[in-house]
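Take a look at the letters that make up each chain.
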Amino acid sequence: MLKVRVIPTLLYKSVGLVKGVGFNSWRRVDTVLPAIKVYNMREVDELILLDIEATNENRDPDYDEIRDFSRECFVPFCVGGGIHNIEQIRQLLRAGADKVAINTAAYSNISLITEGADLFGSQCIVASIDCRKIGTEYHCFSHNGTVDTGYQVEQWAKKVVDAGAGEILLTSIELDGTMEGYDIELIKKVTSSVFVPVIASGGAGNYEHMREAIVDAGASAVAAASIYHFTEQTPKEAKEYLQEHGVEVRLI
């Protein structure tokens, strides 16, 4: 049985690391390299770095910075933001990323996921899905949560997995940064629809929220940011709590 992963998320803007609520009201919290060095010592299973400006600014990822970051990162490193062609994926992997997260570009070019998986392996391709509840349905949003794509989450999750994505990073826009708990209903909709690992994101405020996302909703991993920036809780303590409550995790 695969062990559950605990994954900090690093949201990157030109000013450094930021964190907001509901994909808005961004507040600077740190710089990237010191954060990576700290997480290296806290038994995290992976790190996710998302450049939240790259897509809307229509620019490439900063490969030199990714190279610098990856040299200091001693766990699997997933990078996203601004990815819309195969050459960018190639350059990110050459710069040291282990995985790439693709969101906006996939809605207009689903073959990017297929070609990426064919060339580099599905384990490298993470489909990032940002969702907001509209009435009784969950809609997928692109462009950093600003554009309603019209896709319902189950429909899109199946589509990206069929295209070759090896994993899904699933984020609740409404709960992002609130620390009120993950959207269990949303996670269940996706985990029951696909066979690949689902990383739950958006809303973690304590370790019990993580246990619920895993045990009650079927997530394979829990991503979080605010809980580590704004409280004294740590990834190592999260894993210890999960282990004490019957969840298989990797502890050193």
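Notes on the structure in this doc start here. This structure is a prediction, so every number in the text was calculated from the model and none was measured.

1. Some thoughts on unusual backbone geometry
Alright, step 1. Even without being glycine, His 143 reaches a positive phi, approximately 50 degrees.
Alright, step 2. Considering the arrangement of structural elements, one finds His 143 in the loop between strand E8 (137-142) and strand E9 (147-152).
Alright, step 3. Given a relative accessible area of 29%, His 143 falls into the partly exposed group.
Alright, step 4. You will see that Asn 144, though not glycine, has its phi angle at about 55 degrees, which is positive.
Alright, step 5. In this structure, Asn 144 sits in the loop between E8 and E9.

2. Comments concerning the environment of Gly 145
Alright, step 1. Note that Gly 145 resides in the loop between E8 and E9.
Alright, step 2. Taking the relative accessible area as the measure of exposure, Gly 145 reaches 8% and is therefore buried.
Alright, step 3. Remark: the alpha-carbon pair of Gly 145 and Asp 130, spanning 15 residues in sequence, is separated by 6.4 Å.

3. A look at the pattern of salt bridges
Alright, step 1. As enumerated under the stated definition, the model contains 15 salt bridges in all.
Alright, step 2. A salt bridge links Glu 87 to Arg 90; the shortest N-O distance between them is 3.2 Å. One end of the pair, Glu 87, and the other, Arg 90, are both in helix H3 (residues 86-94), three residues apart, so they sit about a helical turn from each other.
Alright, step 3. Residue class for Glu 87 comes out partly exposed when judged on its relative accessible area of 38%.
Alright, step 4. Accessibility expressed as a relative area gives 27% for Arg 90, which makes it partly exposed.
Alright, step 5. Two residues, Glu 167 and Lys 99, come together in a salt bridge whose shortest N-O distance is 2.9 Å. Within this pair, whereas Glu 167 is found in strand E10 (residues 167-172), its partner Lys 99 is found in strand E6 (residues 99-102), the two being separated by 68 residues in sequence.
Alright, step 6. Here the residues in one salt-bridge network are Arg 5, Glu 46, Lys 99 and Glu 167, joined through shared partners.

4. A few points about helix H2 (residues 63-72)
Alright, step 1. Buried residues of H2: Tyr 63, Ile 66, Phe 69 and Ser 70, and no others. One face of H2 carries all of its buried residues, which in axial projection span an arc of 120 degrees. For H2, the exposed residues set more than 90 degrees away from the buried face come down to Asp 64 and Arg 71.
Alright, step 2. For H2, the capping residue at the N-terminal end is Asp 62, with a side-chain oxygen 3.2 Å from the backbone nitrogen of Asp 64.

5. Thoughts on the packing of helix H6 (residues 153-163) against helix H7 (residues 184-191)
Alright, step 1. Interhelical geometry of H6 versus H7 gives an angle of 40 degrees and a closest axis separation of 9 Å. Regarding the angle of H6 to H7, the classification is oblique. Crossing of H6 against H7: the hand is right-handed. The segment H6 lies against H7, with Val 153, Glu 154 and Ala 157 engaging Leu 186, Lys 189 and Val 190.
Alright, step 2. Here the residues of the contact of H6 with H7 are counted per class, giving four nonpolar, no polar and two charged.

Each value, and the rule that gives it
Residues numbered from 1 in each chain as written. Predicted model: local features only at pLDDT ≥ 70, side-chain atom pairs only at ≥ 80, totals over all residues. Heavy atoms only, no water. Helix = DSSP H or I, 4+ residues; strand = E, 2+ residues; numbered from the N terminus. Buried < 20%, exposed > 50% of the residue type's maximum accessible area, 1.4 Å probe, protein only. Salt bridge = Lys/Arg side-chain N within 4 Å of Asp/Glu carboxyl O. Arc of directions from axis to C-beta. Polar contact = N/O pair within 3.5 Å; in protein donor to acceptor, adjacent residues only side chain to side chain. Axes fitted to C-alpha atoms, helices over the stretch in contact; angles between N-to-C directions. Parallel < 35°, antiparallel > 145°, perpendicular 65-115°, else oblique. Left-handed = near helix turned anticlockwise from the far one by under 90°. Contact = heavy atoms within 4.5 Å. Nonpolar A, V, L, I, M, F, W, Y, C, P; charged D, E, K, R; others polar.

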